[in-house]
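# Inside the fold
Here is how the chains run, residue by residue.
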Amino acid sequence: WVLDGLLGRDALRRMTRAIAHSTRPEGGGVYAQFEDQIRQFPKDMATRVRLMNYYHTKGESDALLRHVAWVITTAPGDFASWQIVPWSTHPQVRSAAAEMWIGAADRHRDDPRVLENAARFFEATGVVVRAEDYVKLARLLQPKDPKYTGMLINLYGRAIVALERSSSYFPRPSADTEIFAE
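Residues numbered from 1 in each chain as written. Predicted model: local features only at pLDDT ≥ 70, side-chain atom pairs only at ≥ 80, totals over all residues. Heavy atoms only, no water.

## Quick word on the overall build of the chain
Here is the rule we go by: The way it works is that DSSP assigns letters per residue, a run of H or I at least four long becomes a helix, a run of E at least two long becomes a strand, and they are numbered from the N terminus. Relative accessibility decides the category of a residue: with a 1.4 Å probe and only protein chains considered, values under 20% of the type maximum give buried, values over 50% give exposed, and everything between is partly exposed. To be clear on the numbers: accessible area is Shrake-Rupley with a 1.4 Å probe, and residue cover counts the displayed protein chains and nothing else.
Counting its regular elements, the chain contains nine helices and zero strands. Expressed as a percentage of its 182 residues, the buried residues of the chain come to 37%. Total accessible area on the chain stands at roughly 11200 Å², and carbon and sulfur atoms take up 56% of it.

## Let's talk about the nonpolar core
We apply this condition: Definition used in this section: a nonpolar core is a set of buried Ala, Val, Leu, Ile, Met, Phe, Trp, Tyr and Cys residues joined via side-chain atoms within 4.5 Å. Whether two residues are in contact is decided by their heavy atoms, any of which lying within 4.5 Å being enough.
The biggest cluster of nonpolar side chains holds 37 residues, and the ones touching the most others in it are V68, I72, W101, F122, Y134 and V135. Listing elements by their share of this core, those giving two or more residues are α3 (29–40), α4 (45–58), α5 (61–74), α6 (91–107), α7 (112–124), α8 (128–141) and α9 (146–166). With eight residues, α6 is the single largest residue contributor to this core. Excluding anything up to four places from it in sequence, F122 contacts A98, W101, I102, V127, V128, R130, A131 and Y134.

## Brief notes about the packing of α6 against α7
What counts, and what does not: To obtain an axis, a line is fitted to C-alpha atoms, over the contacting stretch when the element is a helix, and the angle between two such axes runs from 0 to 180 degrees between their N-to-C directions. Relative orientations are named as follows: roughly parallel for angles under 35 degrees, roughly antiparallel for angles over 145 degrees, roughly perpendicular for angles from 65 to 115 degrees, and oblique for any other angle. Left-handed describes a crossing whose near helix is turned anticlockwise from the far helix through less than a right angle; right-handed describes the clockwise counterpart. We call Asp, Glu, Lys and Arg charged. Ala, Val, Leu, Ile, Met, Phe, Trp, Tyr, Cys and Pro are nonpolar, and the rest, Gly among them, are polar.
With their axes 9 Å apart at the nearest point, α6 and α7 run at an angle of 155° to one another. One element, α6, and the other, α7, form an angle in the roughly antiparallel class. Taken as a pair, α6 and α7 cross one another with a handedness that is left-handed. Taking contact as the criterion, the partners of R94, A97, A98, W101, I102, A104 and A105 in α6 are, on α7, V114, L115, N117, A118, F121 and F122. Among the residues making up the contact of α6 with α7, the classes are represented as 11 nonpolar, one polar and one charged.

## Details of the environment of G126
For G126, the position within the fold is in the loop between α7 and α8. Assessed through its relative accessible area of 53%, G126 is described here as exposed. With 33 residues separating them in the primary sequence, G126 and A159 have C-alpha atoms 9.7 Å apart.

## Here we look at the pattern of salt bridges
Selection criterion: Throughout this description, the term salt bridge denotes a Lys or Arg side-chain nitrogen within 4 Å of a carboxyl oxygen of Asp or Glu.
Inspection of every chain in the model, using the stated rule, returns eight salt bridges. Between R113 and D111 there is a salt bridge, with the nearest N and O atoms lying 3.2 Å from each other. Taking relative accessible area as the criterion, D111 reaches 17% and is therefore assigned buried. For the salt bridge of K147 with E116, the shortest nitrogen-to-oxygen distance reads 3.0 Å.

## A few points about the environment of E123
With respect to the element layout, E123 can be found in helix α7. You can call E123 buried: its relative accessible area is 12%. As for E123 and L155, which are separated by 32 residues in sequence, their C-alpha atoms are 7.6 Å apart. The residues contacting E123, other than those within four sequence positions of it, are A131, N154, L155 and R158.

## Let's talk about α6
Stated formally: To estimate how far a helix should extend, the number of its residues minus one is multiplied by 1.5 Å.
Here α6 spans 24 Å end to end across 17 residues, near enough to the 24 Å set by a 1.5 Å rise per residue. Looking only at α6, the buried set comprises V93, A97, A98, M100, W101, I102, G103, A104 and A105. On its buried face, α6 sits against α5, α7 and α8.

## A short note on α8
Applicable threshold: Relevant arc is that of directions from the helix axis to the C-beta atoms, nothing else.
With 14 residues, α8 extends 20 Å between its outermost C-alpha atoms, agreeing within 8% with the 20 Å of an ideal straight helix rising 1.5 Å per residue. Turning to α8, its buried residues are A131, E132, Y134, V135 and A138. End-on view of α8: buried residues confined to an arc of 165°, all on one side of the axis. Of the residues in α8, the exposed ones pointing more than 90 degrees away from the buried face are V129 and L140. In this structure, the buried residues of α8 make contact with α6, α7 and α9.

## So, the packing of α8 against α9
Packing of α8 against α9 brings their axes to within 9 Å, and their N-to-C directions diverge by 160°. Taken together, the axes of α8 and α9 lie roughly antiparallel to each other. Where α8 crosses over α9, the handedness of that crossing is left-handed. Residues V128, A131, E132, V135, K136, A138 and R139 of α8 lie in contact with α9, whose contacting residues are Y148, T149, M151, L152, L155 and Y156.

In structure tokens form, the structure reads like this:
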């Protein structure tokens, strides 16, 4: 019933049918069924995310990029839109997604959800300055939403930790150094 509430009864029924048919040798597998489902219902994000995960793990960067492009250009405000690509081992997919996110953020400068997703993508890929810019823009649009302040705090905290790890200005104690004075 939880999945029914999250996905909707029809999406859950289609997904269950696709999984049931995936064991048939002539069926082409569950992911062929999912591709068919996406052709019928392009806005089915749950299925599209499954396909993106599948193509990511199979190393099929062209197919992954096709779905990434659809999500970022068609549904950049959807929560799932930024989640797959940052961890992709395909540099061309990450690079293309970064360009798409810049375009999406430029086109949707008045939508804090899109700016948040763009920020999350760039934070996950280590481009903290761009992530900070997008969070600040989202915060200007919704100044009373504490989520954006929390995101900035998280970004700044991670940047400080990274700086401490890479800088001799913050020396690491050696194994024989006492951390607490008596």
